Amino acid sequence: MALSIGIVGLPNVGKSTLFNALTRQQNAEAANYPFCTIEPNKAIVPVPDPRLEELAAIVNPQRIQYATVEFVDIAGLVKGASKGEGLGNQFLGNIRETAAILHVVRCFDDNDVIHVDGSIDPIRDVEVIELELILADEQSLSKRIETLAKKARADKTAKPIFEAAEALQKHLQAGLPASSFAGRDSDDAEELYRDLRFLTDKNVIYCANVDEDGIMQDNKYVEKLKAYASERGREVVKICAKMEEDLLGLDEAEQQEFLQSYDITESGLDQVIHKGYATLGLISYFTAGVKEVRAWTIEEGWKAPKAASVIHTDFEKGFIRAEVIAYDDFISNKGEAGAKSVGQMRVEGKDYVVNNGDVMHFRFNV
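Residues numbered from 1 in each chain as written. Predicted model: local features only at pLDDT ≥ 70, side-chain atom pairs only at ≥ 80, totals over all residues. Heavy atoms only, no water.

Thoughts on helix H10 (residues 268-280)
Right, so step 1: A rise of 1.5 Å per residue sets the reference length of H10, with its 13 residues, at 18 Å; its end C-alpha atoms lie 18 Å apart and thus fit the reference within 8%.
Right, so step 2: Looking only at H10, the buried set comprises Gly268, Leu269, Asp270, Gln271, Val272, Ile273, Gly276 and Tyr277. (Helix = DSSP H or I, 4+ residues; strand = E, 2+ residues; numbered from the N terminus. Expected span 1.5 Å × (residues − 1). Buried < 20%, exposed > 50% of the residue type's maximum accessible area, 1.4 Å probe, protein only.)

Focus on the confidence of the model for the protein
Right, so step 1: Summary statistics for the protein give a mean pLDDT of 87 and a share of 90% for residues scoring 70 or more.
Right, so step 2: In the model of the protein, helix H1 (residues 15-23) stands out as the element of lowest mean pLDDT, 77, in contrast to helix H13 (residues 327-332), which has the highest, 98.
Right, so step 3: Between residues 25-38, whose pLDDT stays under 50, and residues either more than four places distant or in other chains, the model counts 41 contacts. (pLDDT = per-residue confidence, 0-100. Contact = heavy atoms within 4.5 Å.)

Considering the nonpolar core
Right, so step 1: In this structure, Val69, Phe71, Leu92, Leu102, Cys107, Tyr206 and Leu225 are the most contacted members of the largest nonpolar core, which totals 71 residues.
Right, so step 2: It is helix H3 (residues 122-154) that contributes the most residues to this core, 6 residues altogether.
Right, so step 3: Judged by nonpolar contacts, the second largest core, of 19 residues, contains Ala149, Ala164, Ala178 and Phe181. (Core = buried A, V, L, I, M, F, W, Y, C linked by side-chain atoms within 4.5 Å.)

Comments concerning the pattern of salt bridges
Right, so step 1: Under the counting rule described, the total for this entry stands at 19 salt bridges.
Right, so step 2: The partner of glutamate 97 in a salt bridge is arginine 197, with the nearest N and O atoms 3.0 Å apart. Placement of glutamate 97 in the loop between strand S4 (68-73) and strand S5 (100-106) and of arginine 197 in the loop between helix H5 (187-196) and strand S6 (203-209) is noted, with a sequence separation of 100 residues between them.
Right, so step 3: The residue lysine 238 makes a salt bridge to aspartate 218 at a minimum N-O spacing of 2.6 Å. Placement of the pair is lysine 238 in strand S7 (residues 235-239) and aspartate 218 in the loop between helix H6 (212-216) and helix H7 (220-231), with a sequence separation of 20 residues.
Right, so step 4: Exposure remark for lysine 238: the relative accessible area of 16% places this residue in the buried category.
Right, so step 5: For aspartate 218, a relative accessible area of 26% gives the class partly exposed. (Salt bridge = Lys/Arg side-chain N within 4 Å of Asp/Glu carboxyl O.)

Some details on the packing of H3 against helix H4 (residues 159-173)
Right, so step 1: Taken N-terminus to C-terminus, the directions of H3 and H4 make an angle of 155 degrees; their axes are 9 Å apart at the nearest point. It follows from the interaxial angle that H3 and H4 lie roughly antiparallel. As for how H3 packs across H4, the hand of that crossing is left-handed. Here H3 contributes Ile134, Asp137, Glu138, Leu141, Ser142, Ile145, Leu148, Ala149 and Ala152 to the contact with H4, which in turn contributes Lys159, Ile161, Phe162, Ala165, Glu166, Leu168, Gln169, Leu172 and Gln173.
Right, so step 2: Here the contact of H3 with H4 is built from residues that sort into 11 nonpolar, 3 polar and 4 charged. (Axes fitted to C-alpha atoms, helices over the stretch in contact; angles between N-to-C directions. Parallel < 35°, antiparallel > 145°, perpendicular 65-115°, else oblique. Left-handed = near helix turned anticlockwise from the far one by under 90°. Nonpolar A, V, L, I, M, F, W, Y, C, P; charged D, E, K, R; others polar.)

Put into structure tokens, the structure is as follows:
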């Protein structure tokens, strides 16, 4: 499985500049006017993980395969997007399949950079986007309700899901997100959530886009955004999109020196990915052989057969056992043979819960 993140925000808040920086690619035009991005931009980028290099230094594989993240950037949303204002609403379908939303919020003053509403107010901006996402979900649900109403008249067994849909519609019409619906966990509502992939049921990470001064110390806009996020149990990543873009032309050593000059330990890409993994409860395990050293993304708490399925579904179906070495043990003993010689390779069965960093080899039979 791969982590997918949809990038949303008002026009001209730095989404496309951030997309360029995060993906290390210049495939999202950035300009000082609204609606610059008129087609959804997608890019798949490797998940930075220094553990892979450490494993490869021991195994000396033919290649290293990182886990990946897909970023999807759509046109900026504006007030009234659900009624056809602007361009962003045309592309909301592109982020319905993503696992999380990165909501970019402008948190800096600059008279040379136009704001679509003429002033800087991060909470107002956030609330505009969140309302438009609620309205977009309500529209999707309304279409489903029309179908369910006809079905419920002909088939009494369809009535419970129709009633659940109506209750959820009232919830959305009250300006509340799908994630806070009281009947969220009922079987009937679960079917709706699974089929419609509500935008307001996704995990959200706020991205405070600041200027270079704001990187060193939180400004008043960032403080307001962090307080707002805290009330809602959400994470905030603070980055300077312009500065991240400046990193593009530097080699790894130069990038580290540049970041250290601002007392930053991680790039914007690293921050977003790490927050994304933590927010969604994702971890990585590794396979390490002469052909490749590879990271595999799974959900925390998965048992060995389920974890094996991300390699191939046959691995889960025919699972026999897993040979497991903890990452630290693999490194300290300089590989599989060394770990096995001191009894640090374990044979685990179907009930084994995979740990972050496990180096694994699966035995299966189909």
